[in-house]
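Here's the letter readout for the chains.
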Amino acid sequence: MFRKTLMAAAAVFALGNTAQAETEITWWHAMDGALGGVVDQITADFNASQDEYHLVAVNKGGYEDTMTAGIAAFRAKNQPNIIQIFDAGAATIINAKGAVKPVQDLLEANNVKFDINDYIPGVRYFYADSDGKMIGMPFNSSTPLLYYNKEALAKAGVDVPKTWQEFEAAAPKLKEAGYTALAQSHSPWIFFENFMSRHNLQMATANNGYDSTDVKILYNNDELKDHWQHVKDWKDAGYYGYYGRAWGANQDAFVQQQVAMWIGSSGSFGGLRKSAQFDFGTSTLPYWKGVGEAPKSTFIGGAALFAFAGHSAEQDAGVAEFFKFLTKPETQYYWHKETGYVPITNAAYELAKKDGYYKESPDAEVGIQQLSEEGGEWTKGYRLGFYVQIREVIYREVDKMMNGEETIDAAFATIEEEANGLLKRFNDTYSN
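Structure report, in brief. The model shown is predicted, which means the values in this text are computed figures rather than measured ones. (Residues numbered from 1 in each chain as written. Predicted model: local features only at pLDDT ≥ 70, side-chain atom pairs only at ≥ 80, totals over all residues. Heavy atoms only, no water.)

Points about the nonpolar core
Among the nonpolar cores identified, the biggest contains 138 residues, and Tyr-219, Trp-228, Phe-306, Phe-322 and Phe-323 are the most heavily contacted of them. Considering every element that reaches this core, the biggest residue donor is helix 19 (residues 408-430), with nine residues. No fewer than three residues from each of domain 1 (23-142 + 300-372) and domain 2 (144-298 + 385-431) sit in this core. Beyond its immediate sequence surroundings of up to four residues, Trp-228 is in contact with Ser-187, Phe-191, Phe-192, Val-398, Met-401, Met-402, Ile-408 and Phe-412. (Core = buried A, V, L, I, M, F, W, Y, C linked by side-chain atoms within 4.5 Å. Buried < 20%, exposed > 50% of the residue type's maximum accessible area, 1.4 Å probe, protein only. Helix = DSSP H or I, 4+ residues; strand = E, 2+ residues; numbered from the N terminus. Domains from an automatic or database assignment. Contact = heavy atoms within 4.5 Å.)

Below is the structure:
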């Protein structure tokens, strides 16, 4: 009896030592609901795949909440090892001196093979520096897509529009068939940032902000203002449904079949498959034929994972090992299938094709195809400080334009003035 007790105690002691031997690394993220469940599964799979590191994933609220928590933790010298930062917040963490270790340096220092060309074209450089070094690891990468109700378009006798000219021809027929033709979610991302990328128009000075924090916005241009004049005209004619700034309100109009087409994120694909009680398809983001150099590839949305500085070599090695696991074709394919976000590597994309996923779900491939379209000088991304606040200015001015409270010219003049004021304040804060 004594021997059995001693053996049991030894086993518990050994297990305790094993647990203590594992190096713990922490990951703060903004994924909740079903997405959070997929993050938890990836975390569990990584922990089960090896016994040197134990990853703890913690949801810290939404994107802005997570970034705010990370900044506060860094200032208090209590930062996590990994933090998820969304597209609009990337400039803040990248320009905070000493805050993060470039993911490319981290991987190479820990003997993890890295080649930026292994990543699909549309994600390679969005979180890179002006020299092309990857600073953040792309994670939940998405692109804006046109979702369409197949029955609605068939009832109206129209094809899926590839250009805005084609949309203008189809919209009256869709209205006659009983539908509002179009709605979209996230005006700053889709109808500002991605308008510029889709038409290969420069979004900001200093190489879209990659080369310097001393930068000015270039939204107040004839091409973008003309687009918004059309949008306002569509709304007034009953072709465009504007349900405010809330993402869900605009998407819900599509789910409820009030709207025939909706522009949203490729990352919404998985959720729509469960919520939409009708047959829908996806297509690429429409463009204006004859404007700029359209069609070019789009900017990604979503977020990346950044490795905070200030941790031990053992923990940094654990972060590198997790990033290696995260970018495995099998992990990326799982993430892609479960969420609708694009797989970030060419190998994961090839695995999905080889497995026959796109024969089963051809609409799931459209986002990757769009991000793999020909790029241009202004399609790799942007790096603008206080862009979260700039998006808020855009939202406010879009509300005023759509409600007839302000002219297109006046709204864009305000966006330019306030955005440049925010960019100057960011430069004053981070350039020293």
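Once you've had a look at it, read on.
Examining unusual backbone geometry
Cis geometry marks the peptide bond from Ala-294 to Pro-295, where omega comes out at 0°. Note that Pro-295 resides in the loop between strand 9 (280-283) and strand 10 (301-308). A positive phi is found at Asn-111, a non-glycine position, where the angle reads about 60°. Of note, Asn-111 is situated in the loop between helix 5 (103-109) and strand 5 (137-142). Accessibility expressed as a relative area gives 74% for Asn-111, which makes it exposed. Positive phi values are uncommon outside glycine, yet Asn-200 reaches one of about 55°.

Focus on the packing of helix 10 (residues 222-237) against helix 19
Two numbers describe how helix 10 lies on helix 19: the axes approach to 10 Å, and their chain directions differ by 130°. The orientation of helix 10 relative to helix 19 falls into the category oblique. In this structure, helix 10 meets helix 19 at a crossing whose hand is right-handed. Where helix 10 abuts helix 19, its residues Leu-224, Lys-225, Trp-228, Gln-229 and Lys-232 lie against Ile-408, Asp-409 and Phe-412. When its residues are assigned to classes, the contact of helix 10 with helix 19 shows four nonpolar, one polar and three charged. (Axes fitted to C-alpha atoms, helices over the stretch in contact; angles between N-to-C directions. Parallel < 35°, antiparallel > 145°, perpendicular 65-115°, else oblique. Left-handed = near helix turned anticlockwise from the far one by under 90°. Nonpolar A, V, L, I, M, F, W, Y, C, P; charged D, E, K, R; others polar.)

Concerning the packing of helix 2 (residues 33-49) against helix 13 (residues 313-326)
Interaxial distance between helix 2 and helix 13 falls to 11 Å at its minimum, and their mutual angle equals 115°. In terms of axis orientation, helix 2 runs roughly perpendicular to helix 13. Relative to helix 13, the crossing made by helix 2 is right-handed. Contacts between helix 2 and helix 13 involve Ile-42, Asp-45, Phe-46 and Ser-49 on the former and, on the latter, Gly-318, Glu-321, Phe-322, Phe-325 and Leu-326. When the residues that make up the contact of helix 2 with helix 13 are grouped by side-chain class, the tally is five nonpolar, two polar and two charged.

Everything listed here is a matter of geometry and, on its own, says nothing about what the molecule does.
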